[in-house]
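Each chain, letter by letter, is given below.
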Amino acid sequence: MYSFRHPGGEEVLIEQAGKDATENFEDVGHSNDAREMMTKYKIGELVESERTNVAQKSEPTWSTDTQNEESSMKTWLLPLVLCLVATLFYKYFFGSAKQQ
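The rules behind each value
Residues numbered from 1 in each chain as written. Predicted model: local features only at pLDDT ≥ 70, side-chain atom pairs only at ≥ 80, totals over all residues. Heavy atoms only, no water. Helix = DSSP H or I, 4+ residues; strand = E, 2+ residues; numbered from the N terminus. Buried < 20%, exposed > 50% of the residue type's maximum accessible area, 1.4 Å probe, protein only. Areas by Shrake-Rupley, 256 points an atom, 1.4 Å probe, with all protein chains shown as cover. Phe/Tyr/Trp six-rings, centres within 6.5 Å; stacked < 30°, edge-to-face > 60°. Contact = heavy atoms within 4.5 Å. Polar contact = N/O pair within 3.5 Å; in protein donor to acceptor, adjacent residues only side chain to side chain. Patch = residues over 30% accessible without salt bridge, like charges linked within 9 Å, V, L, I, M, F, W, Y side chains within 5 Å. Salt bridge = Lys/Arg side-chain N within 4 Å of Asp/Glu carboxyl O. pLDDT = per-residue confidence, 0-100.

A. Main features of the overall build of the protein. Secondary structure assignment for the protein yields 4 helices and 0 strands. In sequence order, the secondary structure elements of the protein are arranged as α-α-α-α. Scored against the burial criterion, the 100 residues of the protein give a buried share of 4%. Per element, the accessible surface of the protein, about 10300 Å² overall, is 59% carbon and sulfur.

B. Highlighting the packing of aromatic side chains. A full pass over the atoms with the stated rule returns 3 aromatic pairs. Measuring from ring centre to ring centre gives 4.6 Å for Phe89 and Phe93, while their planes differ by 55°; the resulting arrangement is tilted. Residue Phe89 and its partner Phe93 are both found in helix 4 (residues 66–99); the two are separated by 4 residues, about one turn of the helix. Since its relative accessible area comes to 44%, Phe93 is described here as partly exposed. Seen in terms of ring centroids, Tyr90 and Phe94 are 5.1 Å apart; in terms of plane orientation they differ by 40°. Their pairing is tilted. You can see Tyr90 and its partner Phe94 sitting in helix 4, 4 residues apart, about one turn around the helix.

C. Summary view of the environment of His30. With respect to the secondary-structure elements, His30 resides in the loop between helix 2 (22–28) and helix 3 (32–41). Taking the relative accessible area as the measure of exposure, His30 reaches 23% and is therefore partly exposed. Contacts of His30, omitting those with residues within four sequence positions, involve Phe25 and Arg35. Within the local environment of His30, its side chain forms a polar contact with the backbone oxygen of Phe25, the two atoms lying 2.9 Å apart.

D. Focus on a nonpolar patch on the surface. A cluster of nonpolar residues, Phe89, Tyr90, Tyr92, Phe93 and Phe94, forms a patch on the protein surface that exposes about 620 Å² of accessible area. Structurally, Tyr92 can be placed in helix 4. On the accessibility criterion, Tyr92 (59% relative accessible area) is exposed.

E. View of the confidence of the model for the protein. On average, residues of the protein carry a pLDDT of 76, and 72% of them reach 70 or more. Per-residue pLDDT, averaged within each element of the protein, yields its smallest value for helix 4 (79) and its largest for helix 3 (83).

Shown next as structure tokens:
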């Protein structure tokens, strides 16, 4: 049995056990020291024919599509209208009570 303490905790290693953890390793942004340490613990690489196809992460698109803009406006419009109605309701019922 190996005795190795991972800075992120042993849960990180257990979660990736038996899987290709290359992408997760790269996503974390490990230091050069961590990359050097990895060479001591690297078991090997999967043969190309035994690898499974993993969907590649796609970069977000920052398009100026008008449909996206309309959708964004709708998500803000409803809460804004509800706040306005609540404010008017509060001022009408509770504002008139202060005047009496």
